[in-house]
Amino acid sequence: MKIRRPRLPRTRRGQRRLVQAVMAVCVLALLPATWLYVSTADRLRTTADVPRTDVAVVFGAGLWDGEPSPYLAHRLDAAAKLYRAGRIKVVLVTGDNSRKDYDEPDAMRTYLRKHGVPDDRIVSDYAGFDTWDSCVRARKIFGVDRAVLISQGFHIRRAVALCEAAGVDSYGIGVDAKHDATWYYGGTREVFAAGKAALDAVFHPDPTFLGPREHGVTKALAGARD
């Protein structure tokens, strides 16, 4: 059975319509990414100039042999630096703990403790399965209404936009990262993830797991003020 190749239009009018159709598809595909850039333009900061905020949220980024991956370690380093500088009081670590042999939040907690953040200033969210889930749970489960978000540059705009949509007044810090294969993969992935982010921001789906209200952030902040 022969597979016929699609035939390109032979008339100028047909070719023009084809070009217009391709351009329209490209524009529609890039609209969500454009929305992310426009909506977060004034929300990106550095560790030196981010506003003083009670809570920082660090998003999970994978483990290597049970330890934070280099990308995740860079995020945690930024959070520890903010804590030591007195610019934040509590760190909410949010990540995947969907199975017993994989626990991002506990690995993040251990790393932060080794880098000068007291254990009672760290709060763990074990059901941050994706960015939207982490943002919704930060607001609804942990009662966070303002936060500094920490991630890599290719992800931070989406994190800020989604947390804003979830009701968290957010500033984002995009930490430096080596431009290796992982970085390029992450940047490419964000083009497609922007579409899902736009849908999440519009329709506000429930996270994978919501659960009861937790008071870890409130208690940690109370301890910080004592």
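Scroll up a little and you will see the structure.
As the structure is a computational prediction, the values presented were derived from the model and not from experiment. (Residues numbered from 1 in each chain as written. Predicted model: local features only at pLDDT ≥ 70, side-chain atom pairs only at ≥ 80, totals over all residues. Heavy atoms only, no water.)

> Just to check I follow, could you spell out the overall build of the chain for this structure?
Across its full length, the chain carries seven helices and eight strands. When contacts within the chain are restricted to residue pairs at least 6 apart in sequence, those whose partners lie at least 24 apart make up 73%. Surface accessibility of the chain: about 13,100 Å² in total, with carbon and sulfur atoms responsible for 56%. (Helix = DSSP H or I, 4+ residues; strand = E, 2+ residues; numbered from the N terminus. Contact = heavy atoms within 4.5 Å. Areas by Shrake-Rupley, 256 points an atom, 1.4 Å probe, with all protein chains shown as cover.)

> Is there a simple way to think about the layout of surface pockets in this case?
Picture a little ball the size of a water molecule; that probe, rolled over the atoms, points out where space is still empty. A volume near 220 Å³ is recorded for the second largest pocket. Lining the second largest pocket we find 13 residues, and of these Y37, G153, F154, R157 and E190 sit closest to its centre. Among the elements of the structure, α1 (12–39), α5 (153–165) and α6 (181–203) are those that each provide at least two residues to the lining of the second largest pocket. No other element matches α5, which puts five residues into the lining of the second largest pocket. For the lining of the second largest pocket, the class distribution of residues is eight nonpolar, two polar and three charged. (1 Å grid on protein atoms, 1.4 Å probe; cavity = no way out; pocket = protein on both sides within 12 Å on 5 of 7 lines; lining within 4 Å. Points joined across faces, edges and corners; volume = space filled by probe spheres on them. Nonpolar A, V, L, I, M, F, W, Y, C, P; charged D, E, K, R; others polar.)

> How should I be thinking about the pattern of salt bridges in this particular structure?
When their charged atoms lie close together, side chains carrying opposite charge are able to pair. Scanning the entire structure with this criterion turns up 11 salt bridges. Residues D169 and R146 are paired through a salt bridge, measuring 3.4 Å at the closest nitrogen-oxygen approach. Placement of the pair is D169 in strand β8 (residues 169–175) and R146 in strand β7 (residues 146–152), with a sequence separation of 23 residues. With a relative accessible area of 28%, D169 lands in the partly exposed category. Residues D200 and K196 are paired through a salt bridge, measuring 2.7 Å at the closest nitrogen-oxygen approach. Here D200 pairs with K196, and both are found in helix α6, just four residues apart, close to one helical turn. A relative accessible area of 8% places D200 in the buried class. Because the salt bridges share partners, they merge into one network encompassing R43, R146, E164 and D169. (Salt bridge = Lys/Arg side-chain N within 4 Å of Asp/Glu carboxyl O. Buried < 20%, exposed > 50% of the residue type's maximum accessible area, 1.4 Å probe, protein only.)

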